[in-house]
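What the coordinates show
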Amino acid sequence: MFAFGIAAMAPALVISRMISPRKRSNPVKFLPMECGQVPSGEGRTHFMMQYYPYILMFVVFDVMAIFLYAWGSALLELPKSATLPIMGFLAIMFGAMAFALYQSGRRRIW
Amino acid sequence: MSVIAPNFKLSGFIKSLLDNIFWILLIFVLAGLPAVFMILLLIDLPIIDGELLTPFLALSYLVNPTRLIPVIHAFLTTDIFRVIAFPGFGFAALLAASVIFVERKMMAKLQLRVGPFYCGKVEGILQLMGDGLKLISKEIIIPAKADKPIFWAAPVLFVATAAAFVALIPVAPGWVVADIDLGLLAFFAVIGFFPIITILSAWSANSKYPFIGGIRALFQMVSFEIPLILSLLGVVMLTGTLNLSEITESQSNFPWIVFLPIGAIVFFITMLAELERIPFDLPEAESEIVAGWLTELSGMLYGLVQLGSYLKLYAFAALFVVLFLGGWNGPMIVPAFPEQIITEGIEMGPITLTLDGLESLLSNTITQEMLNGTLWFVLKTAGVIFFIILPRGVFPRVRVDILLDLGWSKLIGLCFINIFIALGLLYSGVLGPGGLQ
């Protein structure tokens, strides 16, 4: 399906390139869009990522969330006592998340 | 009314058309036909009804509809048909196109406008086709310092990833392109590609607005992925499987939204965020940062991104239906096929056309259950899509910090409540083995 998507969509670009006009080239035409102004500076500048801690949290909690699926999909076959360690895991996850959210709220340390 | 481009010459246009036709014919004769014969020599042709399918036999099928039916039947069961037409790309693209039209008309009605009206006489029904032709005939302008290969590839990859997502959706019993045991994990894997493609496209444009939009898209998609993953855990716990077809079959008596409404609501909200729909359309906020990460895309590149995003919308709505609303399950409302057509044939004027293979076709492939399941699936998906596009006329856009706070604090808390509800239902004996199911 992925391959078919590529195979079906690449011709659209080729056809578009074939039938579209390509005339009157000038340097202004190929400038990056900045609302009619002449662009100042580089396009890829330093950009303040104010919410960087959330990306860090994602790296950890994405993996932890997927771990829960290994437990959830086998839950019907497991004895009830096997849920206790998972409760502990969830408690650690919850505590860690609360701490991370508290730290991410302290904007001045970032 | 605008005039056609002042330098337009009809003779020049016809000349370019003829040029293209000439080159296509020349390339087809010199390279296409030999390639077709080489392929016919190399591949094993299928045996249909005890006969080897040679090209001559295939041509004779064309004039005799009775002999054509086994060929159609054999084609309907191939993977190629599934990928191209029914549960795959064609079906999804058709639904996506109708969603674009319905959305434009509905937004117009909500904002007391008329919307598309002139193209195609009846309520502007051909507007979409006109837009497609406009986009495909526009010049593609790429910024001078852009990273050209990535800039060209990103929209194509976007559509292809959305198509890979569509492949996981079971539409009717047995009608799914990729029926894999870890379907839900495959869905999470596919979802993980969208922020990467977005940030690639934004970075390669070498412009400021796409870059800001790409960063916002990265934040938004990445932080809503955790509530998205956790909100579906309840369904997995109650069904004990990750296969989407089996999850649908488990809802033959009642949909999971009855027992897990919190999970459904959280999944719906994260769905809006992943789709960049309006309360969360920060990555392409057109009143703040021109068009977000779509700013530098022009012509067909923009058209491809639009197609991909609407395919993604269909796939998300379909996934909501499969996980929470019972997928293809529903009362049987499609009438049974008339016995006479199956056994005797179709009467057309003076002759009775007897179609021999029709019985096996109608009882194995296009069954009553399949038509009924598809009908229910499409109805439910249309309902979910309606609720996805409705906020666009109602809500304002939220701020980035409110969005992230919502995703990380509130939705994840609700997800944990949902998990404990599922666990309680399971251990109190309401659901699961010995319970209602």
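All figures in this text were calculated on a predicted structure; none of them were measured in a lab. (Residues numbered from 1 in each chain as written. Chains lettered and ligands numbered in written order. Predicted model: local features only at pLDDT ≥ 70, side-chain atom pairs only at ≥ 80, totals over all residues. Heavy atoms only, no water.)

Looking only at helices and strands, one finds 19 helices and four strands in chain B. For chain B, the C-alpha atoms occupy an extent of roughly 75 × 70 × 45 Å along the three principal directions. Scored against the burial criterion, the 437 residues of chain B give a buried share of 49%. Of the contacts made within chain B by residues no fewer than 6 positions apart, 77% connect residues no fewer than 24 positions apart. For chain B, the exposed area adds up to about 20,500 Å²; of that, 71% sits on carbon and sulfur atoms. In chain B, which carries 22 positive and 30 negative side-chain charges, the distance between the mean positions of the two groups comes to 17 Å. (Helix = DSSP H or I, 4+ residues; strand = E, 2+ residues; numbered from the N terminus. Buried < 20%, exposed > 50% of the residue type's maximum accessible area, 1.4 Å probe, protein only. Contact = heavy atoms within 4.5 Å. Areas by Shrake-Rupley, 256 points an atom, 1.4 Å probe, with all protein chains shown as cover. Lys, Arg positive; Asp, Glu negative; His and termini not counted. Charge placed at Lys NZ, Arg CZ, Asp CG, Glu CD.)

A surface patch of nonpolar side chains, about 1,100 Å² in accessible area, is lined by Phe22, Trp23, Leu26, Ile27, Phe28, Val29, Leu30, Leu33, Val36, Phe37 and Leu40 of chain B. Relative to the assigned elements, valine 36 of chain B resides in helix H1 (residues 10–42). (Patch = residues over 30% accessible without salt bridge, like charges linked within 9 Å, V, L, I, M, F, W, Y side chains within 5 Å. Salt bridge = Lys/Arg side-chain N within 4 Å of Asp/Glu carboxyl O.)

Residue and element names in this part refer to chain B. The biggest cluster of nonpolar side chains holds 140 residues, and the ones touching the most others in it are Leu184, Phe187, Leu230, Phe267, Phe324 and Trp408. No other element matches helix H15 (residues 300–324), which puts 18 residues into this core. In this view, phenylalanine 324 contacts Ser231, Leu232, Val235, Gln251, Pro255, Trp256, Ile257, Leu260, Gly263, Ala264 and Phe267; residues no more than four positions away in its chain are not counted. (Core = buried A, V, L, I, M, F, W, Y, C linked by side-chain atoms within 4.5 Å.)

Below, the discussion takes up the packing of aromatic side chains. Residues and elements named next belong to chain B. The final tally for this structure, using the stated rule, is 27 aromatic pairs over all chains. Between the aromatic rings of phenylalanine 320 and phenylalanine 324, the centroid separation amounts to 5.5 Å while the plane-to-plane angle is 45°, which identifies the pairing as tilted. One end of the pair, phenylalanine 320, and the other, phenylalanine 324, are both in helix H15, four residues apart, so they sit about a helical turn from each other. A relative accessible area of 7% places phenylalanine 320 in the buried class. On the numbers, 5.4 Å between centres and 80° between planes, the contact of phenylalanine 386 with phenylalanine 387 is edge-to-face. (Phe/Tyr/Trp six-rings, centres within 6.5 Å; stacked < 30°, edge-to-face > 60°.)

The next point concerns the pattern of salt bridges. Residue and element names in this part refer to chain B. Under the defined criterion, the tally for this structure stands at nine salt bridges over all chains. Among the salt bridges present, the one from glutamate 288 reaches arginine 216, with a minimum N-O distance of 2.9 Å. Of this pair, glutamate 288 sits in the loop between helix H14 (261–274) and H15 while arginine 216 sits in helix H10 (residues 208–223), and the two are 72 residues apart along the sequence. The exposure class assigned to arginine 216 is buried, which follows from its relative accessible area of 18%. The partner of aspartate 405 in a salt bridge is lysine 410, and the shortest N-O contact between them spans 3.0 Å. When its relative accessible area of 46% is taken as the criterion, lysine 410 is described as partly exposed. Overlapping salt bridges, with partners in common, bring together Arg216, Asp281, Glu288 and Arg397 in one network.

We now examine the interface of chain A and chain B. On the chain B side, the residues contacting the 57 residues of chain A number 76 residues. Together, the buried faces of chain A and chain B total about 6,100 Å²; carbon and sulfur atoms form 76% of this surface. Applying the counting rule to chain A against chain B returns zero salt bridges. Connecting chain A to chain B are four residue pairs in polar contact (both at pLDDT 80 or more). Of all the elements in the fold, those that place two or more residues in the side of chain A that touches chain B are helix H1 (2–19), helix H2 (52–73) and helix H3 (83–105) of chain A. Among the elements that make up the side of chain A that touches chain B, the one with the highest residue count is H2 of chain A (14 residues). Residues of the side of chain A that touches chain B, tallied by class, amount to 37 nonpolar, 10 polar and 10 charged. (Buried area = accessible area lost by both parts, 1.4 Å probe. Polar contact = N/O pair within 3.5 Å; in protein donor to acceptor, adjacent residues only side chain to side chain. Nonpolar A, V, L, I, M, F, W, Y, C, P; charged D, E, K, R; others polar.)

This paragraph deals with the packing of H14 of chain B against helix H19 (residues 400–427) of chain B. Residues and elements named next belong to chain B. Direction vectors running N to C along H14 and H19 enclose 150°, while the axes themselves pass 9 Å from each other. By the criterion of interaxial angle, the relationship of H14 to H19 is roughly antiparallel. When the axes of H14 and H19 are compared, the crossing they make is left-handed. From H14, Ile262, Gly263, Val266, Ile269 and Thr270 reach across to H19, where they touch Leu406, Leu411, Leu414, Cys415, Ile417, Asn418 and Ile421. Looking at the contact of H14 with H19 residue by residue, the class counts come to nine nonpolar, three polar and no charged. (Axes fitted to C-alpha atoms, helices over the stretch in contact; angles between N-to-C directions. Parallel < 35°, antiparallel > 145°, perpendicular 65-115°, else oblique. Left-handed = near helix turned anticlockwise from the far one by under 90°.)

On to unusual backbone geometry, then. All names here are of chain B. Phi is positive for leucine 112, close to 55°, though the residue is something other than glycine. Unlike most non-glycine residues, glutamate 276 shows phi in positive territory, near 55°. Along the chain, glutamate 276 falls in the loop between H14 and H15.

Residue and element names in this part refer to chain A. As recorded in UniProt, the feature "transmembrane region" (unreviewed entry) lies at residues 51–71 and 83–102. Between the C-alpha atoms that bound residues 51–71 there is a distance of 31 Å. The span itself is 95% helix and 0% strand. With 100% helix and 0% strand, residues 83–102 has end C-alpha atoms that lie 28 Å from one another. (UniProt positions renumbered as here; feature names shortened; annotations may be inferred.)

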